[in-house]
Structures are given as structure tokens and as C-alpha cells.
Amino acid sequence: MKKGLAKFGASLVLLLGLAACSDEGDSGSTSKGDAKESYELKFGMVAGNQQNEYKAAEKLAEYVDKESDGRLTIKLFPNSQLGDDRAMLEQVQAGSLDLTFAETGRFGTWVPRASLMNLPYIVDDFDHALQAVYETEYGKDLQEEILTDYNWKIMKTAYNGTRQTTSNRAIESLEDMKGLKLRVPEVDTLLDYAKYTGASPTPMAFTEVYLALQTNAVDAQENPLSTINAQKFYEVQEYLALTNHAVNDANYVMSNKKWESLPEDLQSILEKGIEEAAEYHTSLFMDEEETLVSKFEDAGVTVTKPDLEPFKKAVAEAYPNYLKAIGDEGEQYLQQIQDANK
């Protein structure tokens, strides 16, 4: 009997000790409101760590770490470490990645009507793009579909620059595009920009562009001014044409399942952090665009401003191809986007 009591006493002491340790050191509670629970989010992106997108994501990571006292942290994966933008969207959909950037038009791979947002000259500026995404039936329904069917929650949308064209000969009119070997990414809307303006579309990996321009393997490329600056394309191109053919947005896209798994206080911190990061993101691009043309001119680049009406008329011939893929409501969606800025 004494042995039994002794065993019981020892077990009781052990259990009490374990409970005390648990109270002092447990940081993995499954309770959603438990202040001791911590989370790490993975944020993948194509951009390198010298680009504006990374700088904004870095600001977000710093904000949530500070405001949550380290309970919420974000690990950044730049330079396409996790794949291209499509691969990372698929990872977010599957839940193996928590956050990434994506243009609204990029969702067109899965939901065809989204590609309308990437058509050349379809939106006039970033404010127009925001109105199309957030204030039209088209934009609201699109967000709801990708949330419900694909686990993609658009947290906020930032400005990612307006695409311009650099070349080794002057582009002063639409006629000057004819036969130009124009490097574009493997994106249908940009391939069509080249094709319908008379250029020769030349898809190529982004990492190969500088050397291709330097050796005249291609005659031209198109990108936002900030990218032209960051990649130093202006060093190997003599001309810059302000073609303004596409307004890039950058959605902060999160796994909705991951979002819903976060405690409400951390959701609030993350939401505020993304809002501030997106504002910073936008300001970086806009501030640069106010100064970079002058910088390029100082470096010896000749800047031209061709009449864009012929460009717009030429690329509009590509629109029916996209409307056909969307179906009966395609023209209605297109009209909603175009009218959003009126």
C-alpha cells in the first residue's frame, strides 16, 4: 500500500511539473485568440531585392514583426526562388505559399475575363485600374470568384509602373514600329502589343534581355521606367518612346485559408501593414517616374512622345480575340472597364 501511495505521489509531482512548464513555455496553442501563438508567413515574388516590389514587401515584414511583438513574421523569397508568377499563384492556391504579387490580368490564365485588364491601352492610368477592379460589377465578381474557387484573397492593389518602349532606333510614330525585333515576356497581351503595332514579337527570358540588347540580338524591349532603370537597359538602348501601352498593377495576394487561420488581432496588423506597404509601393514607382526620364536623357537617351491614337487603334484589333474566349458577356465586361474612369 505504501509503495502504491509513493508511486501515486511521484506521478502527481511529475504531472504538476509538466503543467507548470507548459504554462511558462508553450507558444503553439491551437486557440485562435491565444496571445502566445506565433505565425510565420512565406512571401514569394519574381522581383529581386533591389526592386521596388521587394522594398515594399520588406517594409511589410518589418511592420508586422514590430506591431505583433514578433508573433507574426514574414519570410521573403525574392528573385523567383519559388518559381515564376504563375507557379507562385498555384502555390498560394494549394496553401504551400502564403503571399505573392500578381497583376489582375495574370488571373486570366484561370479566369479568362481577367485578361481584359492587361489589354494594351485598356486603362488610362492607375486610378482607372483601381476603379475597374474595386468599383465595377466586373471587378467585384472577379475578386469573389478567385477567392471562392482559387483561394486567392486580394488584400490590396499597388501601382507597378506604366510600360514604355526602349529601342536602338527612334520611335516617333506607329510606322517606326514596323519590323522592330521587340522583346516581350511570354504574355499574350504584350505579344499582341508587338504584333499589332507592326513589330516582330520576340519572347525571351528576362535575365537574357540586357545582353540581347547589347549585342543587337533584339532591337527593343518594353518595361516600366523603374525596371529600365534597375536593369540598366538605358545603357544599351539609345531611344526611349513613351508608348504608355500598359498600366501595371500589383495585387498583394494571400491564401484565404491562411488568412482565416490567423487570430483577429494579427489579421488587423497584417491588413494595416499591407495597406501601408501598398501605399509605399505605389509611391516608389510614381516618384521614380517623375525623375527617371530626365535621368535617362542626362545619360544620352533620346526620348520621344509618339502620337498614341494610331497605336490604340492598331492594338484594338486584338480585342475581339479575347472577347471570343470570354463568351457572351465579354463586350459588357470590356465596356465596364473602359467606363470606370468616366
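Residues numbered from 1 in each chain as written. Predicted model: local features only at pLDDT ≥ 70, side-chain atom pairs only at ≥ 80, totals over all residues. Heavy atoms only, no water.

Overview of the packing of aromatic side chains
Okay, so step 1: This model, assessed by the stated rule, comprises eleven aromatic pairs.
Okay, so step 2: Seen in terms of ring centroids, Trp110 and Trp152 are 4.9 Å apart; in terms of plane orientation they differ by 70°. Their pairing is edge-to-face. Linking Trp110 in the loop between strand E3 (99-102) and helix H4 (126-134) with Trp152 in strand E4 (residues 152-167), this pair joins segments that are 42 residues apart in sequence.
Okay, so step 3: Residue class for Trp110 comes out buried when judged on its relative accessible area of 18%. (Phe/Tyr/Trp six-rings, centres within 6.5 Å; stacked < 30°, edge-to-face > 60°. Helix = DSSP H or I, 4+ residues; strand = E, 2+ residues; numbered from the N terminus. Buried < 20%, exposed > 50% of the residue type's maximum accessible area, 1.4 Å probe, protein only.)

A look at the packing of H4 against helix H5 (residues 137-150)
Okay, so step 1: For the pair H4 and H5, the least separation of the axes is 5 Å and the interaxial angle reads 65°. Contacts from Ala132, Val133 and Tyr134 in H4 reach Tyr138, Gly139, Lys140 and Gln143 in H5.
Okay, so step 2: Class assignment of the residues belonging to the contact of H4 with H5 gives a composition of four nonpolar, two polar and one charged. (Axes fitted to C-alpha atoms, helices over the stretch in contact; angles between N-to-C directions. Contact = heavy atoms within 4.5 Å. Nonpolar A, V, L, I, M, F, W, Y, C, P; charged D, E, K, R; others polar.)

Overview of the environment of Leu190
Okay, so step 1: If you trace the backbone, Leu190 turns up in helix H6 (residues 188-196).
Okay, so step 2: Residue Leu190 is classed as buried on the basis of its relative accessible area, which comes to 7%.
Okay, so step 3: Taking the C-alpha atoms as reference points, Leu190 and Asn118, 72 residues apart in sequence, are found 8.2 Å from one another.
Okay, so step 4: Ignoring sequence-local partners within four residues, the contact set of Leu190 consists of Arg163, Val184, Pro185, Glu222 and His245.

Comments concerning helix H2 (residues 52-67)
Okay, so step 1: Taking 1.5 Å per residue as the helical rise, H2 with its 16 residues ought to reach 22 Å, and the 23 Å between its terminal C-alpha atoms agrees with that figure.
Okay, so step 2: When H2 is considered as a whole, its buried residues turn out to be Asn52, Glu53, Tyr54, Ala56, Ala57, Leu60, Ala61, Tyr63 and Val64. (Expected span 1.5 Å × (residues − 1).)

A closer look at the confidence of the model for the protein chain
Low pLDDT marks regions whose predicted coordinates should not be analysed in detail.
Okay, so step 1: Residue-level pLDDT values for the protein chain average 91, and 89% of them are 70 or greater.
Okay, so step 2: Within the model, pLDDT remains below 50 along residues 5-34, and this stretch shows 16 contacts once partners closer than five positions in the same chain are excluded. (pLDDT = per-residue confidence, 0-100.)

Some details on the pairing of E3
Okay, so step 1: Here E3 shows a buried face lined by Leu99 and Phe101 and a second buried face lined by Thr100 and Ala102.
Okay, so step 2: Judged from the four bridges that link them, E3 and strand E8 (residues 239-255) form a sheet pairing that is antiparallel. Looking at the pairing, Phe101 lines up with Tyr252 of E8. (Pairing = 2+ DSSP bridges.)

Thoughts on the nonpolar core
Okay, so step 1: By size, the foremost hydrophobic cluster in this structure holds 53 residues, and its most contacted members are Phe107, Leu116 and Trp152.
Okay, so step 2: When sequence neighbours within four positions are dropped, the list of residues in contact with Leu116 reads Ile122, Tyr138, Tyr322, Leu323, Ile326, Gly330, Tyr333, Leu334 and Ile337.
Okay, so step 3: Listed in part, the 30 residues of the second largest apolar core include Tyr63, Leu99, Leu270 and Ala277. (Core = buried A, V, L, I, M, F, W, Y, C linked by side-chain atoms within 4.5 Å.)

Here we look at the pattern of salt bridges
Okay, so step 1: As enumerated under the stated definition, the model contains seven salt bridges in all.
Okay, so step 2: Taking the shortest distance from any N to any O, the salt bridge between Glu90 and Arg86 comes out at 3.3 Å. One end of the pair is Glu90 and the other is Arg86, both in helix H3 (residues 85-94) and four residues apart, which spans about a single turn.
Okay, so step 3: Look at Arg86 and you get partly exposed, because its relative accessible area is 36%. (Salt bridge = Lys/Arg side-chain N within 4 Å of Asp/Glu carboxyl O.)

Examining the pairing of strand E5 (residues 181-184)
Okay, so step 1: The sheet contact formed by E5 and strand E6 (residues 200-203) spans four bridges and is parallel. Note on E6: the bridge partner recorded for Lys181 is Ser200.
Okay, so step 2: Read as a crossover between parallel neighbours, the route from E5 over H6 to E6 is right-handed.
Okay, so step 3: Of the pairings in the sheet, the one linking E5 to strand E7 (residues 220-224) comprises two bridges and is parallel in character. When the sheet's bridge partners are listed, Arg183 is paired in E7 with Gln221. (Right-handed = clockwise from strand over helix to strand, strands pointing away.)

Points about the packing of helix H12 (residues 319-326) against helix H13 (residues 330-339)
When two helices pack together, you describe them by how their axes are tilted relative to each other and by the distance separating the axes.
Okay, so step 1: At a minimum axis distance of 8 Å, the contact between H12 and H13 shows a crossing angle of 125°. With respect to their mutual orientation, H12 and H13 come out oblique. Listed contacts from H13 to Tyr319, Leu323 and Ile326 of H12 are Gly330, Glu331, Tyr333 and Leu334.
Okay, so step 2: The residue makeup of the contact of H12 with H13, split by class, is five nonpolar, one polar and one charged. (Parallel < 35°, antiparallel > 145°, perpendicular 65-115°, else oblique.)

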